[in-house]
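Each chain, written out:
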Amino acid sequence: MATRLIRAVLLVRDGGFASAIVGPAEILRLAGVAPRVLAGRPTRPRFRVTIASPDGGPVACVGGLTVPAEAALAGLGVPDVVLVASSGIAGTAIEDAETDSEVADWLRAAHDGGAVIAGACSGVFHLGRAGLLDGRRATTHWAFADDLRRMFPAADVRPARMVLDDGRIVTAGGVNAAADLALHLVERFCGREEARDLANALVLDLPRAAQSEYAGWLGPSSHGDDAVLRVQRAIAERPEAASGVEVHAASVGLSPRSLARRFRAATGETVVECIQRLRVARARELLEAERLSVEEVSRRVGYEDVAFFRRLFRKYTGMTPSAHRQRFGMPSGDRPQSGILVTPQISP
């Protein structure tokens, strides 16, 4: 029996990035296709993707590129999933989301109709404008996090995360995190094996756990406390080597007590919590991508006490390191070796 195609709408606006439109569209359309072509098996497409703009017209992207739309929002029924692409950079994207009631109304109706609503980068602001972030965890580009908190105070903004799945609301970080988001949606709707096969075929990494590997992500950074900002930068650069409060305080000419007070007031967390969170994020990446023992992962992120590391990992992720690897890791037999693509066999 043929599998029903998952109906996906990629919602695009003027001022976005063409790569954040074409990339996710290709990823979703090639699910069940690219891995099977490379393995010499019959294809089995999984998604029917429609690129839609509010009026059905083409959208002008950053860099002078134009991407045609295939439909207007008014002509669409309720899909299974909506992915809102980035719609500009910095202030222009935020202003766009603040004033666009048509997109907000359509997203709210789609969500009420049962669709999963996803947004990447500045596209997340359109979800907030529709009231879909209230009481939910969400991420966005690290530079937009403070604006997202300011505009939608009922949202639990967590900019350390690359992709954050909170039920029927899924959000992703910076522009190119749209690829991570698309692969996450493949995994969510089609299973981990399908997403892993597709990532192998397209020579992509599976969705990354954190934005913290990018030097730009510091956590809240518009607080105006230069000393705290310098400590944040030092921790984000190498969380596994981060020292305690005393050393960081000395590096910025403050007493430990003063730094502790100012850091918590500026960021909402303690210095130690910041270090722990980023170390756990790094540990997740290692568990997902490497075949290291839990003990080795613990040492690599800065913890010699493996029992403490296990407790800390459970605190921040809700599962043990081993359970996380079993759920999200790539088995060694499925990883490419010697430049040869290894694709697990799938029954037609």
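Per chain, residues are indexed from 1 in the order of the written sequence. The predicted origin of the model limits local features to residues at a pLDDT of at least 70 and limits the giving and counting of side-chain atom pairs to 80 or more, whereas totals for whole chains, interfaces and linings rest on all residues. Remark: hydrogens and water are excluded; side-chain values derive from all non-hydrogen atoms of the structure.

Structurally, the position occupied by H111 is in helix 4 (residues 101-112). Throughout, a contact is declared for two residues whenever any of their heavy atoms are within 4.5 Å. Those residues within four positions of H111 in sequence are excluded, and the remaining contacts are I117, L132, R136, R168 and I169. Every helix listed is a DSSP run of H or I at least four residues long, and every strand listed is a run of E at least two residues long, numbered separately from the N terminus.

Should a side-chain nitrogen of Lys or Arg be within 4 Å of a carboxyl oxygen of Asp or Glu, the pair is scored as a salt bridge. Across all of its chains, the model carries 21 salt bridges by this definition. Close ionic contact of E194 with R44 constitutes a salt bridge, the shortest N to O distance being 3.6 Å. Of this pair, E194 sits in helix 8 (residues 192-202) while R44 is found in the loop between helix 2 (34-39) and strand 2 (47-53), placing the two residues 150 residues apart along the sequence. Among the ionic pairs, R188 bridges to D165, the shortest N-O distance being 2.9 Å. One end of the pair, R188, is in helix 7 (residues 177-190); the other, D165, is in strand 10 (residues 163-166), and 23 residues separate them in sequence. Through salt bridges that share partners, R4, R7 and D80 make up one connected network.

The aromatic pairing rule takes the rings of Phe, Tyr and Trp, using the six-membered ring of Trp, and pairs them if the centres are within 6.5 Å, calling planes under 30 degrees apart stacked, those over 60 edge-to-face and the rest tilted. All chains considered together, the criterion is met by six aromatic pairs. A ring pair is formed by F47 and F189, whose centres lie 6.2 Å apart and whose planes are at 75 degrees; its orientation type is edge-to-face. Highlighted residues: F47 in strand 2 and F189 in helix 7, separated in sequence by 142 residues. With centroids separated by 6.3 Å and ring planes inclined at 55 degrees, the aromatic side chains of F125 and F152 adopt a geometry described as tilted. Remark: F152 occurs in the loop between helix 6 (145-151) and strand 9 (156-157) and F125 occurs in helix 5 (residues 124-129); sequence separation between them is 27 residues. Here F125 matches F152 in class, with each residue buried. Think of it in three bands: with a 1.4 Å probe and only protein chains considered, a residue is buried below 20% of the maximum accessible area for its type, exposed above 50%, and partly exposed in between.

To continue, consider the sheet that holds strand 1 (residues 6-11). The strand order 5-2-1-6-7-11-10 describes an open sheet built from seven strands, whose pairing is mixed. Since the sheet does not close on itself, it has two edges, and those belong to strand 5 (71-72) and strand 10, each with one partner. With four bridges joining them, strand 6 (residues 81-84) and strand 7 (residues 116-120) adopt parallel strand pairing. Bridge pairing in strand 7 places V82 opposite I117. Together, strand 1, strand 2 and strand 6 form the strand contacts of helix 1 (residues 19-30), whose direction differs from that of strand 2 by roughly 160 degrees. Pairs of strands are assigned from DSSP output, requiring at least two bridges between the strands. Convention adopted: a line fitted to C-alpha atoms gives each axis, helices being fitted over their contacting stretch, and angles between N-to-C directions are expressed from 0 to 180 degrees.

Turning to the confidence of the model for the protein chain, a few remarks are in order. Confidence of the predictor at the level of single residues is given by pLDDT, which spans 0 to 100. Of the residues in the protein chain, 86% reach a pLDDT of 70 or more, and the chain-wide mean stands at 85. Here residues 212-217 is modelled with pLDDT under 50, and outside its nearest four sequence neighbours on either side it reaches 17 contacts, counting other chains as well. The low-confidence segment residues 332-348 (pLDDT under 50) makes 35 contacts with residues lying over four places distant or belonging to another chain.

Before going further, it helps to examine the nonpolar core. Throughout this description, the term nonpolar core refers to a set of buried Ala, Val, Leu, Ile, Met, Phe, Trp, Tyr and Cys residues connected via side-chain atoms within 4.5 Å. Core analysis: the biggest nonpolar cluster contains 72 residues, and I21, F47, V82, L107, I117, L181 and V186 have the highest contact counts within it. The dominant element in this core, judged by the number of residues it contributes, is helix 7, at eight residues. Residues in contact with V82, not counting those within four places in the same chain, are V9, L11, W106, L107, A110, V116, I117 and A118. Membership of the second largest hydrophobic core comes to 17 residues, among which are V231, A249, V252 and L278.

Moving on, we get to helix 8. Within helix 8, nine of the 11 residues are buried, which leaves the element mostly enclosed by the surrounding structure. Of all the positions in helix 8, only R192, E194, A195, R196, D197, L198, A199, N200 and A201 are classed as buried. Buried residues along helix 8 sit in contact with helix 1, helix 2, helix 7 and helix 15 (321-328). A positive phi of about 55 degrees marks V203, the residue just after helix 8.

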